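# An overview of the molecular structure
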Amino acid sequence: MKRQRNLPVSGFTLAGFALGLGLALNTVNMGAQTENPTPSTSVEDRQKAQDERIQKLQDKLDELQQELIRLKAASVADLSTRHITTAKASAPPTSISSTPAPQEPPATNPPNSKSDPFAFADFTWLNGNARTKDTPYATKFFTPEIRTDVNYTYDFRHPQDDTISGSSEIFRSSEVQVTQLGVGGDFHFDNVRARLMTQFGLYSQTTPRNDASPARGQWNLADAYRYVSEAYGGYHFNVQHGVNVDAGIFMSYVGLFSYYQFDNWAYQPSYVSSNTPWFFNGVRVQWFPTEKLKIEPWFVNGWQSYGRFNNRPGIGGQILYRPNGNWSILGNQYAVGRDALGVGGRTRYHTDDSVEYKYYDQPARLISKSAATLTGDLGCETGGGVSCFGNGKSGPKQSFLGFMLYNRIWFDRDRYALTLGGGRINNPGRYLVLLPPINGATAASGTPYFTENPGDPYKAWDVSVTTDYMPSQYFTYRLEYNHRVANVPYFSGPGGVTPPGGNTGAPGSFVPGWAPDLRNSENRITGAFLVKF
């Protein structure tokens, strides 16, 4: 968790704001006094002139309010680095005349003359970053956090078992479902930091289900971590612009999108994000040599795993650079890990790189903001009967190649938004393809109905249209349409993926006389209520 410092903005900034407001009012009043309408001036002309003066005053007030928000955003440090990094800012006043509430002294760390990283601009526009600018009831010791994610999805194929396949975010159709309820927050005192975020709802079942590592060894790691999405402790060192050393379960954000839908531009991310890790279990170091750069090495158990798959853990890291308030450049790397259950000689490599650019920002206009993101992924596995570099004596090619592109437009002072996006992947060997839950299949069990053998082909693409209504910084109503296509039968058809009478035998096993109904495409619409305090 990064240090928090409140600069003395409440007096100087608000005084400057009041002075600017007074000048604006005085300017308008002087303009009103200088006008000397003649008797021939009609009532309509006088009314029109008055409306124009009122509009000029409103525009000036909007500009002053936005300036106040920017000044306060630049003065308050981010409370944590739990996401890629979130530059948190103070909340804007609810009205021009509102008085800021008294603040509890937040300084809990020894003073450091270095500026806090990424506090020089407001980055709440980023995909994968929460757009909240403050946290209610935060104290110098604890910053609480509450999240809810409830959705209803309409699948045009109407699977009879209401089961959706191939998604890490949406799992059932034609039902109102709680995807996640999370309660927790950040603890911070005397340079010591800790974070806990629980997860209840479907995520508590689906996220452990996609991790095969608990199948190796005892003590049922899937149940041990099932209701926790983040849990770590660490220490902050006042070196340069800060160094954090944390151990536990933390978010990886390989694939740019956040694990939490509230933070994202879309509900269902493309395959490049949906099929890559949301969390790592291990140790990380976050080093901020400047206020614009983060270097973050990782030592982790494995690729989105609670434990090791074989005899070697993984290493990796992240580099994040934000030269100004309009750009964010991110690189994630992973290597060395042997992450194929039961195949000890197979090593995985992966690179995931993103760029985000805000190319338009006019808060007072109808279109208030526009930004775009581009992410590219490249990876492979080698050894254990597969090869990174094509079919040969070492085995068939086992690789991952994909990209995704999104563009988002905000309207009416960021209360509404429209996002268009999509992407493609090619993953021969299917080692990162999410296994359909056929007859209760898990990542550890596999299934004969959808194999993941070396060389098995998998190519897919998708497009989405997302609309958001955001009446509060703490709430989003989202409506999204998704069209997804694969070159092999993969998505749930009308017959579903559950045998008659329910799951039969061991998870994922063959059921005589029955086969799942898998199709090459799907179309669905999702409505969601998203809350974050």
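Our subject is the structure listed above.
Everything quoted here is computed from the prediction, not taken from an experiment.

## Focus: the packing of aromatic side chains
Under the definition given, this model contains 29 aromatic pairs. Pairing Tyr259 with Tyr260 gives two aromatic rings, centres 5.5 Å apart and planes at 75°, and the pair type is edge-to-face. Given the relative accessible area of 4%, Tyr259 is considered buried. Cluster of aromatic residues (ring-pair linked, three or more members): Phe171, Tyr203, Tyr259, Tyr260 and Trp278. One Lys or Arg, Arg284, reaches over the ring of Phe250 and ends 4.9 Å from the middle of that ring. When the ring centre of Phe123 is taken as origin, the NZ or CZ atom of Arg322, which lies over that ring, is 4.7 Å away.

## Some points on the pairing of strand S7 (residues 293–300)
Burial along S7 is one-sided: the face carrying Lys294, Glu296, Trp298 and Val300 is buried and the face carrying Leu293, Ile295, Pro297 and Phe299 is not. With five bridges joining them, strand S6 (residues 279–290) and S7 adopt antiparallel strand pairing. Following the sheet pairing, Val283 is matched in S7 by Phe299. The turn linking S6 back onto S7 is made up of two residues. Taken together, the eight bridges between S7 and strand S8 (residues 314–321) define a ladder with antiparallel strand orientation. Residue Lys294 lies in a different strand from S8, and its bridge partner there is Leu320.

## Considering the pattern of salt bridges
Inspection of every chain in the model, using the stated rule, returns 20 salt bridges. Between Glu145 and Arg195 there is a salt bridge whose closest N-O contact spans 3.2 Å. Taken together, the residues Glu145 in strand S1 (residues 142–155) and Arg195 in strand S3 (residues 192–198) connect sequence positions 50 residues apart. The class for Glu145 is buried, based on a relative accessible area of 2%. Residue Arg524 pairs with Glu522 through a salt bridge whose shortest N-O separation is 3.0 Å. Here Arg524 and Glu522 have matching classes, each one buried. Salt bridges linked by common partners bring Glu145, Arg147, Asp186, Arg195, Glu230 and Asp263 together as one network.

## Examining the environment of Tyr267
Structurally, Tyr267 is set in the loop between strand S5 (243–251) and helix H5 (271–274). Residue classification places Tyr267 among the buried residues on the basis of a relative accessible area of 0%. For the pair Tyr267 and Ser464, spaced 197 residues apart in the sequence, the C-alpha separation amounts to 9.3 Å. Filtering out sequence-adjacent residues up to four positions away, Tyr267 remains in contact with Asp149, Asn151, Glu169, Ile170, Thr179, Gln261, Arg478, Glu480, Thr526, Ala528 and Leu530. Here the side chain of Tyr267 touches Asp149 through a polar contact of 2.8 Å, side chain to side chain. Within the local environment of Tyr267, its side chain forms a polar contact with the side chain of Asn151, the two groups lying 3.2 Å apart.

## Points about the pairing of strand S14 (residues 459–472)
Sheet topology places strand S13 (residues 416–426) next to S14; 11 bridges connect them, and they run antiparallel. When the bridges of S14 are listed, Gly422 appears paired with Val463. Relative to strand S15 (residues 475–486), S14 runs antiparallel, the two sharing 11 bridges. Across the sheet, the residue bridging to Ala460 is Ala486, located in S15. A loop of two residues connects S14 with S15, the two strands running antiparallel in sequence.

## Things to note about the environment of Thr290
If you trace the backbone, Thr290 turns up in strand S6. Given the relative accessible area of 34%, Thr290 is considered partly exposed. Once the C-alpha coordinates of Thr290 and Tyr321 are considered, the two residues, 31 residues apart in sequence, prove to be 9.6 Å apart. Setting aside residues up to four positions removed in sequence, Thr290 forms contacts with Pro117 and His241. Of the polar contacts made by the side chain of Thr290, one reaches the backbone nitrogen of Lys292; its length is 3.1 Å.

## With respect to the environment of Pro297
Take Pro297: it is sitting in strand S7. According to the relative accessible area criterion, Pro297 is partly exposed, its value standing at 43%. Measuring from C-alpha to C-alpha, the distance between Pro297 and Gln318 comes to 6.4 Å, with 21 residues separating the pair along the chain. Sequence-distant contacts of Pro297, that is, excluding residues within four places in its chain, are made with Val283, Arg284, Val285, Gly316 and Gly317.

Cut-offs and rules
Residues numbered from 1 in each chain as written. Predicted model: local features only at pLDDT ≥ 70, side-chain atom pairs only at ≥ 80, totals over all residues. Heavy atoms only, no water. Phe/Tyr/Trp six-rings, centres within 6.5 Å; stacked < 30°, edge-to-face > 60°. Buried < 20%, exposed > 50% of the residue type's maximum accessible area, 1.4 Å probe, protein only. Lys NZ or Arg CZ within 6 Å of the ring centre and 35° of its normal. Helix = DSSP H or I, 4+ residues; strand = E, 2+ residues; numbered from the N terminus. Pairing = 2+ DSSP bridges. Salt bridge = Lys/Arg side-chain N within 4 Å of Asp/Glu carboxyl O. Contact = heavy atoms within 4.5 Å. Polar contact = N/O pair within 3.5 Å; in protein donor to acceptor, adjacent residues only side chain to side chain.

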